[in-house]
Every structure is written in structure tokens, then in C-alpha cells.
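Below are the chains, spelled out letter by letter.
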Amino acid sequence: MPLVAGVDSSTQSCKVVVRDAESGALVRSGSAPHPDGTEVDPAAWWTALRLATERAGGVDDVAAISVAGQQHGMVCLSADGEVVRPALLWNDTRSAPAAAALVEEFGGPAAWADAIGVVPVASVTVTKLRWLAEHEPAAAAATAAVCLPHDYLTWKLRGGTDLDELTTDRGDASGTGYFAPATGQYRADLLELAMGRVPALPTVLSPSDTAGRLPTGPLVGAGTGDNMAAALGVGAEPGDVVVSIGTSGTVFAVADKPSADPAGLVAGFADATGRFLPLVCTLNAARVLDAVARMLGVDHDTFADLALSAPPGADGLTLVPYLEGERTPNLPDATGALHGLRLANATPAHQARAAVEGMLCGLADAMDALVAQGVRVDRVLLVGGAARSAAVRRLAPTVLGRPVLVPEPGEYVADGAARQAAWALTGTDNPPRWRLGALEQTAGDPTPGLRERYAEARDKILNRP
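Only a predicted model underlies this, so the values are computations on that prediction, with no experimental measurement involved. (Residues numbered from 1 in each chain as written. Predicted model: local features only at pLDDT ≥ 70, side-chain atom pairs only at ≥ 80, totals over all residues. Heavy atoms only, no water.)

S.K.: How do you make sense of the overall build of the protein chain when you look at a structure like this?
M.R.: Looking only at helices and strands, the protein chain has 15 helices and 24 strands in total. At 21 Å, the protein chain has a C-alpha radius of gyration in line with the 23 Å of a compact globule built from 465 residues. Each principal axis of the C-alpha distribution contributes one length, and for the protein chain these read about 65 × 55 × 40 Å. Counting across all 465 residues of the protein chain, residues that qualify as buried make up 60%. Expressed as a percentage of contacts within the protein chain between residues at least 6 apart in sequence, the contacts between residues at least 24 apart total 71%. For the protein chain, the computed accessible surface area is about 17,400 Å², with 51% contributed by carbon and sulfur atoms. (Helix = DSSP H or I, 4+ residues; strand = E, 2+ residues; numbered from the N terminus. Rg over C-alpha atoms; globule rule 2.2 N^0.38 Å. Buried < 20%, exposed > 50% of the residue type's maximum accessible area, 1.4 Å probe, protein only. Contact = heavy atoms within 4.5 Å. Areas by Shrake-Rupley, 256 points an atom, 1.4 Å probe, with all protein chains shown as cover.)

S.K.: What's the story with the environment of L219 in this structure? I'm lost.
M.R.: The topology assignment puts L219 in strand β14 (residues 219-221). Overall, L219 belongs to the buried group, its relative accessible area being 15%. Spatially, the C-alpha atoms of L219 and V4 are 9.4 Å apart, while their sequence positions differ by 215 residues. In contact with L219, not counting residues within four places along its chain, are A63, A64, I65, T210, G212, R213, A424 and L425.

S.K.: Before we go on, may I ask you to explain helix α8 (residues 188-195) in this structure?
M.R.: The periodicity of an α-helix, 3.6 residues per turn, causes residues three or four positions apart to be oriented the same way. Burial in α8 covers these residues: L190, L191, A194 and M195. Around the axis of α8, the buried residues are gathered within 120 degrees of arc, so they sit on the same side. Summarising the contacts, the buried residues of α8 are in contact with α2 (96-105), α3 (109-116), α4 (125-135) and α5 (137-142). (Arc of directions from axis to C-beta.)

S.K.: In this structure, what is going on with the packing of aromatic side chains? I would like to understand it.
M.R.: Working definition: an aromatic ring pair is given by the centre-to-centre distance plus the angle between the planes. Here the structure, examined in full by the defined rule, presents four aromatic pairs. Where Y152 meets W155, the ring centres are 6.2 Å apart and the plane angle is 45 degrees; that geometry is what we call tilted. Highlighted residues: Y152 and W155, both in helix α6 (residues 149-157), separated by three residues, approximately one helical turn. There is no split in this pair, since Y152 and W155 are both buried. Taking NZ or CZ as reference, R94 lies 5.0 Å from the ring centre of W131, over its face. Cation over ring: R170 sits above F276, and NZ or CZ is 5.1 Å from the ring centre. (Phe/Tyr/Trp six-rings, centres within 6.5 Å; stacked < 30°, edge-to-face > 60°. Lys NZ or Arg CZ within 6 Å of the ring centre and 35° of its normal.)

S.K.: Quick question: what am I supposed to make of the pairing of strand β22 (residues 379-383) here?
M.R.: Regular strands have side chains that alternate between both faces of the sheet. In terms of residue burial, β22 counts as a mostly covered element, since four of its five residues are buried. Alignment of strand β16 (residues 240-245) against β22, held across five bridges, turns out to be parallel. Bridge pairing in β22 places D240 opposite R379. (Pairing = 2+ DSSP bridges.)

S.K.: What should I look at first to understand empty space enclosed by the protein in this one?
M.R.: If you roll a probe as big as a water molecule over the atoms, it shows you where there is empty space left. Counted by the stated rule, this structure contains three cavities of 30 Å³ or more. Classifying every residue of the lining of the largest cavity by side-chain character gives 10 nonpolar, two polar and one charged. (1 Å grid on protein atoms, 1.4 Å probe; cavity = no way out; pocket = protein on both sides within 12 Å on 5 of 7 lines; lining within 4 Å. Points joined across faces, edges and corners; volume = space filled by probe spheres on them. Nonpolar A, V, L, I, M, F, W, Y, C, P; charged D, E, K, R; others polar.)

S.K.: How do you make sense of the environment of A111 when you look at a structure like this?
M.R.: With respect to the helices and strands, A111 occurs in helix α3. Since its relative accessible area comes to 25%, A111 is described here as partly exposed. Separated by 42 residues in sequence, A111 and G69 place their C-alpha atoms 28 Å apart.

S.K.: Help me understand the nonpolar core in this model?
M.R.: Burial of nonpolar side chains together is a common tendency in soluble globular proteins. Ranked by internal contacts, the top residues of the largest apolar core, which has 55 residues, are V243, I245, V356, L360 and L382. For this core, the element with the most residues is helix α12 (residues 348-372), which contributes 13 residues. If sequence neighbours within four positions are ignored, I245 has contacts with A285, A286, M359, L360, L363, L382, V383, G384, G385, A386 and V392. Among the nonpolar cores identified, the runner-up in size contains 49 residues, and W112, L129, V146 and A230 belong to it. (Core = buried A, V, L, I, M, F, W, Y, C linked by side-chain atoms within 4.5 Å.)

S.K.: What should I look at first to understand the packing of helix α11 (residues 300-309) against α12 in this one?
M.R.: The description of two packed helices rests on the angle between their axes and on the distance between the axes. Look at α11 against α12: their axes get within 7 Å of each other, and the N-to-C directions meet at 95 degrees. Classified by the angle their axes make, α11 and α12 are roughly perpendicular. Contact with α11, carried on its side by F303, L306, A307, L308 and S309, involves P348, A349, A352, R353, A355 and V356 of α12 and no other residues of that element. In the contact of α11 with α12, the residues fall into nine nonpolar, one polar and one charged. (Axes fitted to C-alpha atoms, helices over the stretch in contact; angles between N-to-C directions. Parallel < 35°, antiparallel > 145°, perpendicular 65-115°, else oblique.)

S.K.: What is the right way to look at the side chain of T127 in this model?
M.R.: Here T127 lies in helix α4. Residue T127 is classed as buried on the basis of its relative accessible area of 0%. Engagement of the side chain of T127 in a polar contact is seen with the backbone oxygen of V121, the distance being 3.4 Å. Apart from the residues within four sequence positions on either side, T127 is in contact with S95, A98, A99, L102, P120, V121 and A122. (Polar contact = N/O pair within 3.5 Å; in protein donor to acceptor, adjacent residues only side chain to side chain.)

Printed below as a string of C-alpha cells:
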């Protein structure tokens, strides 16, 4: 049977999986790190992709490959295809003032939500382009084309010389701030509002389209954004809500209709199948646990044991985990806060429990926002690096208020990209159905008063002058 490759070019690393195109069985894999920071030279992603591919045994024997990439990153290319400046990543918040200005200039949050399903915050590409135009006008003037991380890597795989050959998909394009998922069209007027002009943009491919071929022959799939690929990787269907806890925390659902939240909490993205992907993103997720474990001087297994040894609700100790500002709610300059500290709960176990519960409370708020937009919740799927934590798996249902299914650990984003590559091979109306691994179900009664205490502590930050 033919083989396919899927690429996950995330904030932290590049992962490549090679799978059987028919069954989805894993054949081999490889990875390579990305540099730290909120701005990165895209050449580093290309270097990591080549190294990860080499560590995965190469792709000379695959029939197709697709790339999934971190959303929103601003990649500016000159007329000769050179990178103009390092890419600003989704977690770079310097464009927060630009976001506020753009929202006001276009008529407010409701106008943006109605136009593109997204109310711009600092994460969104269009705000970064406004920042570029205001703070680095020479770089803005030199920008002949704008694309996203997955667009750039797909282009590089195919040779990367002609800007007219840049491609994207509707899923990743829906996070730019100048693409309308409901119509499937770019909004050039919004791009011009941000930059003062309209540079070249990638051609938007349909889900099962091919972007071309590698110089060695394999097909290159359309690719997509990381959240859209994760939905493909876990086989999410309408009624499924995915809670992904990685560098960022995302809660998203597969939906048949586009969404438009004027409050700006829910981003009305498109998915990678032709449907839609209403999504709420938090900046603070697994790294909250990393930070508190580091403060306590313990490894992650010990941290999980500590958290599970403390009583539910951590005896009133509440962590609001806005350690790097926050995207949802939109508080780019916020800091974290620990509330309810007393002698009785001033222990490592209580702090570990409060960290896990606080992070999960932020994700529970995100799920509430989806439900308020009419999203159906039949199943909750818990994925991401932090889903491997015993404490996270055990406590998730007690905070989210629903039973939680945890798929077998895997590289869901890379797997979704591989499934998309297999789809490009078949040319059918729907992606291939791969046999997924076993699902571990966890359940537990909601912790009394936890969400209320968290909301009270959170609102003190929201109402801070």
C-alpha cells in the first residue's frame, strides 16, 4: 500500500510521521526542534523540516505529503521570494494596540464578526501587518507577498521560487483576519485597511486539492493550520469538542455552519474538510504546569502526584493562569494571580492542584463560550502534550463538567496532515477513515464551588483599572 507523510510545524518543533495511506498505521517518524521566541526566521522551520524528514527515514518512498503549521504567523516575502524579516508568531503580542485600532476603524467587534467570523486580537495576522506598516515601513514596502507558516513550507517543498505558486487552504486562511470562511473569499479591503495596500496572497485550495509535487515526484497536499489538522487527526465529527492542551490551549468543535461571535471569544474558523471549526484559544496552557512544576522544583510525574494528593478545590487556593498575558479573554498585558492563599493551603500539593484546576477552568470558560454559540457537545476529546499528565486526565471531567475521552497518545496534528495527504491521493469527497486507537474515558463529579471561585478571581483581573 502507498505511504503518506504528515508534517506538524509547531511553535516548538517540527514532527514528521509516515503512515500507511489506507489504514493509517504508523510506519516511522522523526522530529527536530525550533528556536525559542515569538519571532523566528522561517529558514529555521525549513531547516527543521528537512532534519525531521531525514530522522523519519526520508520521504522518497511516500506518495504524498501535507504540512500543518502553527496558525497566524506573519511571513513576508520580497518580490524575489526572500524573507523580508523574521516571522511574527501567534504568541507575539506587540500588535495588541494595532488590533484595538483595527477593530475600531472597521466599526467594532460585531462588524468584524459579521465580515469574517473573527474579531482581531494580537494573535491574528492582520494585526501584525498593521504593526509592520506602522513600525517597520521599509519592511512593509518590501513585502510583495504575505503567507502563513504552512503556506511557506508547502511552497518550499515544491521549490519555492515563484510567488504565484503560493497556496493555502480555507482552514489556515480563516485565521488571517482577511478571509471570510462563510464565503470562501479573501477580504482585500481588510488587508488594505491594515497595510495600506494589498500584497499577493496564496491561492486557496479545496480540502482534497494538491498544491503540486515535490521535485522528486510525490504529491503535495493543500496543508492546513495545526488546529484543523488536529481535528482530522482525531477524527472529529459534528458534536465532538476537542480540548487541546499544548503551548496554547484550544477548545474547538466541528460544525456544519459558520459562527460569528461579536464578543470575540469564539473565532469562527473553517476546518480542513469543508465544514467549520469554531474555536477558542488561550495563551496559557501546558506551560502553566511547566512553570509551577519548575517553581516547586519537581518533575512532571511528581507534580501530577502532588496535584492529585491535594483535596478538590485546593482548599480554596485559586490560580488565574494568565502568565503571559491572555488571548481569551483579550488581556495581552495581564499577569497571573494566586488567590485565597492561607497557611493551611500554602503547600506544594495545593499549589500543584491549583495550577491544574486553574488551567482547566480557563478551558472550561472556552467550552462555555462555544456552547453559547450553539455548538453541540456530544463528546469531549482531550488531546495535546498535557493530556499525558495523570492529574490533567483525572481532573478534567471534574472541571469541564462532562466525561472526557482521551485518545491514545499521538502526534495528532502530524497525523491529520498525513490523513489529508492520503485524501489528496484518492480525490474522493471525504477523507479516508483510519482506525483510531483506543479511547480512555475519565469521569468525575464537578468540584463544588470551583468554577465560581475561579470566576470571582478572574473577574478581579478583568475589572482591574
